[in-house]
Amino acid sequence: MSADILLLGSANERRTKRLFHVSEDPNIATFHPRLPIRSDLDPTIALVWAIDEARLPNFLTPRNCPRVAYNATDKTTDADRKRFFTSSRTEHAVILESKWLPAMLSTTLYLYEFDPAGFILQDDVAGYYVATETQFPILKHVIPDPLSELLRRSVEVRFVNSLWDAADAVQASTLNWSLCRMAYAQPRE
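Residues numbered from 1 in each chain as written. Predicted model: local features only at pLDDT ≥ 70, side-chain atom pairs only at ≥ 80, totals over all residues. Heavy atoms only, no water.

(A) Main features of the nonpolar core. Membership of the largest hydrophobic core comes to 22 residues, with the highest contact counts inside it found for Leu56, Leu111 and Leu150. Residues Tyr70, Phe85, Trp164 and Met182 belong to the second largest nonpolar core, which totals 16 residues. (Core = buried A, V, L, I, M, F, W, Y, C linked by side-chain atoms within 4.5 Å. Buried < 20%, exposed > 50% of the residue type's maximum accessible area, 1.4 Å probe, protein only.)

Rendered as structure tokens:
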């Protein structure tokens, strides 16, 4: 990771699969399970959520920043690769509304890394992992410039006036995609 790293656990606690929680809060010491609000999950089972490193770029933005994120997989067609990426070497993209550029340049993010042993895979496409027990981060990574961090990770970043055309197009593609915080997006025109 680029940026300052605060060690919260020993190196022996780290595993091959890296799991994170992204926050603007610099002082989270304990992650208690919370009841989900998603209608596709059991509302009586409280969870701690984490994201895997492959899908971490989907969350390297201010929390309420609406975004369309997508990545290529072995199932992505050549036509979709050419249509959705400007470089043949790019595998991941994040599209943001232009009005969020100042926040992208001024927000500091904190990546809380977890020992993956306490988590199970909840959604392979989204890279979501969940735990039913309280979790304690083993590391905290400070990301003072999320835009630079995305670029460092070879993520194609685009700024547009409206996300809706990109959202509609990516949903009909062979890419893995995520539409995040779209309730905060500009209305459809």
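(B) Main features of the environment of Ala72. Mapping Ala72 onto the fold places it in the loop between strand S4 (67–71) and helix H1 (78–84). Judged by relative accessible area, which is 10%, Ala72 ranks as buried. Spatially, the C-alpha atoms of Ala72 and Asn176 are 6.4 Å apart, while their sequence positions differ by 104 residues. The contact partners of Ala72, leaving out residues within four places of it in the chain, are Arg81, Phe85, Glu91 and Leu175. (Helix = DSSP H or I, 4+ residues; strand = E, 2+ residues; numbered from the N terminus. Contact = heavy atoms within 4.5 Å.)

(C) Molecular detail of the pairing of strand S5 (residues 92–97). Most of S5 is tucked away: 6 of the 6 residues are buried. The side-chain alternation of S5 yields two buried faces, one formed by His92, Val94 and Leu96 and the other by Ala93, Ile95 and Glu97. Judged from the 6 bridges that link them, S5 and strand S10 (residues 155–160) form a sheet pairing that is parallel. Looking at S10, one finds that Leu96 is bridged to Phe159. (Pairing = 2+ DSSP bridges.)

(D) View of the confidence of the model for the chain. Summary statistics for the chain give a mean pLDDT of 91 and a share of 92% for residues scoring 70 or more. Low pLDDT, under 50, characterises residues 1–15; the predicted model gives this stretch 39 contacts beyond four residues in sequence or across chains. (pLDDT = per-residue confidence, 0-100.)

(E) Seen up close, unusual backbone geometry. Here Ser154, not a glycine, exhibits a phi torsion of approximately 60 degrees, which is positive. With respect to the helices, strands and loops of the structure, Ser154 is situated in the loop between helix H3 (146–152) and S10. For Arg181, which is not glycine, the phi torsion reads 55 degrees and is therefore positive. Mapped onto the elements of the fold, Arg181 is located in the segment after strand S11 (176–180).

(F) Representation of the sheet that holds S11 in the model. Pairing within the open sheet is mixed, and its 4 strands lie in the order S10-S5-S4-S11. Each having just a single partner strand, S10 and S11 make up the two edges of the open sheet. Strand-to-strand, the axes of this sheet are offset by a mean angle of 15 degrees, without reference to chain direction. Packing of helix H4 (residues 164–171) onto the sheet brings it into contact with S4, S5 and S11, and relative to S11 it is tilted by some 145 degrees. (Axes fitted to C-alpha atoms, helices over the stretch in contact; angles between N-to-C directions.)

(G) Representation of the side chain of Arg18 within the structure. Inspection of the secondary structure assignment puts Arg18 in the loop between strand S1 (5–7) and strand S2 (19–23). Note on Arg18: relative accessible area 16%, which makes it buried. Of note is the side chain of Arg18, whose polar atom sits 2.9 Å from the side chain of Glu113. (Polar contact = N/O pair within 3.5 Å; in protein donor to acceptor, adjacent residues only side chain to side chain.)

(H) Seen up close, the side chain of Gln135. Looking at the element boundaries, Gln135 is found in the loop between strand S8 (128–131) and strand S9 (139–143). You can call Gln135 buried: its relative accessible area is 11%. In this structure the side chain of Gln135 is engaged in a polar contact, spanning 3.2 Å, whose partner is the backbone oxygen of Glu133. If near-sequence neighbours (up to four positions away) are discounted, Gln135 is found in contact with Thr30, Phe31, Val48, Phe114, Asp115, Gly118 and Phe119.

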